[in-house]
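Residue-level structural notes
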Amino acid sequence: SARAQTSTDSVRRLTPGANQREEGMARAGPATAMETPENATTVTFEQIQALPSSSRNFLDLAQLAPGVRLTPDRINGTDKSFASGALPADAINVFVDGRSLKNDITVGGIVGQDRSRGNPFPRNALQEVRIVTNNFKAEYGKASSAIITAITRSGGNQWRGSVFSGFQSQSLVALDTFQLADEHDTLRATPVEKPEYSRVLTGFSGGGPLVQNKLFVFGAYEGNYQNRQGITRFNGDSTAWPTNIAALQGESHSSPFRSSLFFGKLSYNHGEKQRVELSTTVRHETDRRGFGGQFSDTFRAFQAGENLRNNVIDGGLRHTVHGHDWLNESLIGYQWYQLNPEPFDLVTPGQEYPGIGRIGGGDSRQTFQQKRLSLRDAWTYSGLHAGGAHVIKIGGNVDLLRYNIDRQLNENPTFTFSSSNGFAFPVQAQIGTGNPMINGRNSQLGLYLQDDWSPTSALTLNLGIRWDYESGMYDRKYVTPPATRDSLVALRDALFIDIDPSRYFTDGTRRKAFAGAFQPRLGFSYTIDAHQRTSLFAAVGVFYDRIGFNSLVDETYRRQHPSHFFNFSSDGGNGTIAWDPTYLSRAGLASILGFGLTPPQEVFLLPNNLKPPKSYQFSGGVRHNFGTIATSLVYTGIRGRNGFSYEWANVALDPATNDCCQSVATPYQNVLVGNNSVRNWYDGVEARVDRPYHRSGEFGWGAGIAYTLSWASTEGGALFSFPTITAGFNRRHPIDDDRRHRVVVNWVADLPFVFGIQFSGLATVASGTPYRKVSFVGGTGTERVNLGFEHTPPFRNIDLRVRKDLPDFGGTRLGITGDLFNALNTQNLGCFQETFRNGDGSPNPNFAHATCVTSDPRRFQLGFQYDF
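Within each chain, residues carry numbers counting from 1 in the order of the written sequence. Note on the predicted model: pLDDT of at least 70 is required for a residue's local features to be given, and 80 or more for side-chain atom pairs to be given and counted; whole-chain, interface and lining totals, by contrast, use all residues. Excluding hydrogens and water, the side-chain values take into account all heavy atoms of the structure.

1. Quick look at the overall build of the chain
Defined as follows: In DSSP terms, a helix is any run of H or I states spanning at least four residues, a strand is any run of E spanning at least two, and both are numbered starting from the N terminus. Only protein chains enter the accessibility calculation, which uses a 1.4 Å probe; a residue whose area is less than 20% of its type maximum is buried, one above 50% is exposed, and one in between is partly exposed. Whether two residues touch is decided by their heavy atoms; if any such pair falls within 4.5 Å, the residues are in contact. Note that accessible areas follow from Shrake-Rupley with a 1.4 Å probe, and for residues the cover is restricted to the protein chains shown.
Of regular secondary structure, the chain possesses nine helices and 45 strands. For the chain, the C-alpha atoms occupy an extent of roughly 90 × 65 × 55 Å along the three principal directions. The buried share among the 868 residues of the chain stands at 55%. Of the contacts made within the chain by residues no fewer than 6 positions apart, 73% connect residues no fewer than 24 positions apart. Accessible surface computed for the chain: about 35,000 Å², of which carbon and sulfur atoms make up 57%.

2. A word on the pattern of salt bridges
This is how it is decided: Salt-bridge detection follows one rule: a side-chain nitrogen of Lys or Arg within 4 Å of a carboxyl oxygen of Asp or Glu.
For the structure on display, the rule yields 46 salt bridges. Two residues, arginine 372 and aspartate 399, come together in a salt bridge whose shortest N-O distance is 3.0 Å. You can see arginine 372 sitting in strand β18 (residues 365-381) and its partner aspartate 399 sitting in strand β19 (residues 389-408), a full 27 residues away along the chain. What makes arginine 372 buried here is its relative accessible area of 3%. Residue class for aspartate 399 comes out buried when judged on its relative accessible area of 0%. One salt bridge connects arginine 740 with aspartate 738, and the closest N-O pair in it is separated by 3.2 Å.

3. Side note on the nonpolar core
To be explicit about the condition: The definition of a nonpolar core used throughout is a set of buried Ala, Val, Leu, Ile, Met, Phe, Trp, Tyr and Cys residues joined through side-chain atoms within 4.5 Å.
Phe58, Phe82, Val94, Val129, Ile131 and Ile148 are the most contacted members of the largest nonpolar core, which totals 47 residues. Formed by 20 residues, the second largest nonpolar core is a distinct cluster that contains Trp241, Ala301, Tyr353 and Leu589.

4. What about a nonpolar patch on the surface?
Rules: Here the term patch refers to residues with relative accessible area over 30% and no salt bridge, with like charges joined within 9 Å and nonpolar side chains (Val, Leu, Ile, Met, Phe, Trp, Tyr) within 5 Å.
Together, Trp159, Leu210, Val211, Leu266, Leu278, Leu317, Ile332, Tyr334, Leu373, Leu375, Val398 and Leu400 line one region of the surface with nonpolar side chains, adding up to about 1,000 Å² of accessible area. Residue assignment for the nonpolar patch shows that the elements contributing at least two residues are β9 (197-211), β15 (326-343), β18 and β19. Position of leucine 373 among the secondary structure elements: in strand β18.

5. What to know about the environment of glutamate 342
Positionally, glutamate 342 belongs in strand β15. The spatial distance from the C-alpha of glutamate 342 to the C-alpha of glycine 815 is 41 Å, given a sequence separation of 473 residues. Residues contacting glutamate 342, with those up to four places away along its chain left out, are Glu306, Asn307, Arg309 and Arg365.

6. Structural notes on unusual backbone geometry
Most peptide bonds are trans, and most residues other than glycine sit at a negative phi. For the bond running from phenylalanine 722 to proline 723, omega is -15 degrees, close enough to zero to count as cis. In this fold, proline 723 is placed in the loop between β34 (699-715) and β35 (733-734). Phi angles above zero are rare outside glycine, and asparagine 135 is one such case at about 60 degrees. Its place among the elements puts asparagine 135 in the loop between β6 (126-134) and β7 (147-152). Although it is not a glycine, asparagine 642 adopts a positive phi angle of roughly 65 degrees. Following the sequence through the fold, asparagine 642 ends up in strand β30 (residues 629-648).

7. Some remarks on the sheet that holds strand β5 (residues 99-100)
Here is the rule we go by: Pairing between two strands is assigned when DSSP locates at least 2 bridges connecting them.
With mixed pairing, five strands are arranged side by side in an open sheet as β1-β6-β7-β4-β5. Pairing within the sheet leaves two strands with one partner each, and these edge strands are β1 (39-43) and β5. Relative to β7, strand β4 (residues 93-96) runs parallel, the two being bridged by four bridges. Counterpart to valine 96 in the pairing with β7 is alanine 150.

8. As for the sheet that holds strand β20 (residues 414-416)
The strand order β17-β16-β20-β21-β26-β27 describes an open sheet built from six strands, whose pairing is mixed. Of all strands in the sheet, those bounded by a partner on one side alone are β17 (357-359) and β27 (577-578).

9. Overview of the state of the cysteines
What counts is decided by this rule: By disulfide we mean two sulfur atoms from cysteines, separated by a distance within 2.5 Å.
The tally for this structure, following the rule as stated, stands at two disulfides. With a sulfur-sulfur separation of 1.4 Å, cysteine 660 is cross-linked through a disulfide to cysteine 661. Residues cysteine 660 and cysteine 661 are joined through a disulfide that is left-handed, its torsion about the S-S bond being -90 degrees. Here cysteine 660 falls in the partly exposed class, since its relative accessible area comes to 44%.

10. Considerations on the packing of aromatic side chains
The following threshold applies: In summary, the pairing rule links any two rings of Phe, Tyr or Trp, Trp by its six-membered ring, whose centres are within 6.5 Å, and it sorts them by plane angle into stacked for under 30 degrees, edge-to-face for over 60 and tilted for everything else. Charges are assigned to positions over rings by a cutoff of 6 Å between ring centre and Lys NZ or Arg CZ, combined with an angular limit of 35 degrees from the ring normal.
Enumeration according to the criterion identifies 36 aromatic pairs in this entry. Where tyrosine 221 meets phenylalanine 262, the ring centres are 4.9 Å apart and the plane angle is 45 degrees; that geometry is what we call tilted. You can see tyrosine 221 sitting in strand β10 (residues 215-231) and its partner phenylalanine 262 sitting in strand β12 (residues 257-270), a full 41 residues away along the chain. The class of phenylalanine 262 is partly exposed, set by a relative accessible area of 41%. Ring centres 6.3 Å apart and planes at 35 degrees place the aromatic pair phenylalanine 618 and tyrosine 635 in the tilted group. In this pair, phenylalanine 618 sits in strand β29 (residues 614-626) while tyrosine 635 sits in strand β30, placing the two residues 17 residues apart along the sequence. According to the relative accessible area criterion, phenylalanine 618 is partly exposed, its value standing at 27%. Judged by relative accessible area, which is 33%, tyrosine 635 ranks as partly exposed. Put simply, the rings of Phe415, Phe425, Phe566, Phe568, Trp579 and Tyr583 touch in pairs and so form one group of aromatic residues. Residue placement shows arginine 691 over the ring face of tryptophan 701; its charged tip is 4.3 Å from the ring centre.

11. Section: the environment of proline 734
Secondary-structure assignment places proline 734 in strand β35. Take proline 734: its relative accessible area is 22%, and that puts it in the partly exposed class. Separated by 648 residues in sequence, proline 734 and alanine 86 have C-alpha atoms that sit 8.8 Å apart. Aside from chain neighbours lying at most four places away, what touches proline 734 is Ala712, Ser713, Pro770 and Phe789.

12. Concerning the pairing of β19
Most of β19 sits inside the fold, with 14 of its 20 residues counted as buried. Bridge count for β18 against β19 is 17 bridges, and the pairing is antiparallel. Residue pairing in the sheet places lysine 371 in a bridge with arginine 402 of β19. Pairing between β19 and strand β22 (residues 437-454): 18 bridges, direction antiparallel. Bridge pairing in β22 places glycine 395 opposite tyrosine 448.

13. Section: the pairing of β34
Examined bridge by bridge, strand β33 (residues 671-696) and β34 share 16 bridges and lie antiparallel to one another. Note on β34: the bridge partner recorded for arginine 695 is glycine 700. Remark: two residues form the turn of the hairpin made by β33 and β34, two consecutive strands paired antiparallel; glycine 697 in that turn has positive phi of roughly 70 degrees. Relative to strand β36 (residues 741-751), β34 is paired through 10 bridges, and the arrangement is antiparallel. Within the sheet, the bridge partner assigned to threonine 708 lies in β36 and is arginine 742. Bridge count for β34 against β35 is two bridges, and the pairing is antiparallel. Looking across to β35, one finds that serine 713 is bridged to proline 734.

14. Quick look at helix α6 (residues 482-490)
Put simply, the rule reads: The arc in question is traced by the directions running from the helix axis to the C-beta atoms.
Looking at α6, one finds that the buried residues are Thr484, Ser487 and Leu488. Seen end-on, α6 carries its buried residues on one side only, within an arc spanning 95 degrees. Contact partners of the buried residues in α6: β28 (603-605) and β33.

Now the structure itself:
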């Protein structure tokens, strides 16, 4: 059985047209593999096609797996990611046809997902998706929490295709709690209007033979076209606004989002034993946003917005050859990723009016590029029969990467005005100068050995070891400036974090690449009955990840591209600069850089012995098949270690008040120290029941339910842990989206007796998330005490989809589709106020009051699908 499971994907690729869906396919549910210790969930072609998904993002399918956390798929969402356990989204990896989509340069875990509300891959090009949340095998690397593996579709010996489209507009979207409250506010001068919004999701897929039984082609496209209207609305008393602010109030501009995803594949069968596949994916997005109430930029004028461009090109050539008892798979791939937030205007100086809004141009332009050349090979051998049957897999990968970063932060100056002088002139300005470019090279090597050994027909042992190495995770040739070294050595005893010269200072030779990423992965499965319906399994393993390149460049970047602050007054007193109108430009600020009145710069320090993040994973459970119904009950534990974060060496909490802060005077604005001290804990009990889809004649159905009981906590913040990883609210605490209970139900049913419709759905019910209960005690309000955690109300969401096919004509099918998201219009509240008691000792009447919703209200989508 182990041998059969190992070769499943390869046989599928070697069979002509096997990946193309054939008319009348009966199976559409996950087959439970009894002989693997992996905690995995398989999403089949029918589920991919039929389950409702607001934006068709295939990452939505990850929620079918227990223990997974997913960012809500919202109309105005700015990103989409999934995470597992207590680790962040950066800790995952996605493999499509064996190619890794890991984001090595920025955040999000997957290339293209940082700051994007687009999709990483066209959903209609996928044949099968598998989510492994614990103890995946040694052939998979660069992930410390969960992975997704996906198999794409291929052309077959018959030409088949499909076209679909779906439409949504503001008239099909309900109002949420806070919009309804505004609508019923009798004091409002004007009625509430739904924000202008429309979206069209469209695409096609198809394939067939170029040469019968030999050469096949398959292609897919998905487009996401959205239109919004950004309307500038400033804050505060309009009678106190400056003239230039009042003139822009109510201006309206379009905010379009455009996404195009292309996938193409050529498959060639060279005889019966060899197969060659050439495939490519192209992703292109533009998103004009950052103004007029779009996302978080509520009080920002159109001129200060940006166009976020997001591009990914990924391709590969795969060769598969097999003999009687062996199989070899080789892959060469290339990937190019570019993220480019480009301001509409990087010339007009920005003007910030605190409490009112922002006008003028944008302040920063950035471009991130990641280029990857990848070589992979895996050899599988099933001919060894020493003490039982063995399936041995030996392989490795070599990835050659180049990173290019252009961070023009604050290149266009921002001037801050204040009502204290009647907005007569700015009281502060900021500008960045110097070289904004950071480049890097990195070589990644991974080697692994996996043996699936079956000493008996009932017992399978999964024995694996993996080793990973990368040469350029960060700048190993960096030289600490002598002035920085000498000044911090003199302050060493006064700082709150010990800056050990041997650990934090380097002459360009003291940083060695980490070579200790050995990752043993061991597991077993044992069927306890003759019919192999019940099995026990357990596994334990070590899993190494990596740190994003952009997170580690500030030690160099802040030196070569500093930001300067200027404080102005009418007379130049108290260390300020006397205001002159000629300063109101980049050139004007550059002319006074030599005054010496700007605050000192921040210093970033990285340890010479920096290690990549890792996790220890362990699990155990039981599986049982009740005929066609597969069940499992699993305990999963994950301990994350070596998480990276910056801490403040010159700032600490005041021990007398347990609040902020006491500080040490240094020649620098701040001294930030990088450490591998972030830790995570996850314990979960996960249960699944799946009934694989089966169709007999016109009737068919399949369903599944996944339940998770979990505890997820962390110590430390994200990239920055103020003031230190173990102080204040950074001490071990529940993660933001820690939900004690979570139930996800999915189903697909063909109902010929109900007007011949297909009815599918996805329902989620989960416990609330934690938020702090904070009290300010004492008369001054400077002492802050965490009184524990309260929890938001439970989360509930039901998405429904129906498809009604019209009578067949000419062997084709036309179906009308309707999707109803958040069908019960559940108002899932969030952003709860945390202050329990004010600084004067009085209770806060607004404590535990929600200020936002965490999911969109009810919305409807109408569409069609034409299969031919």
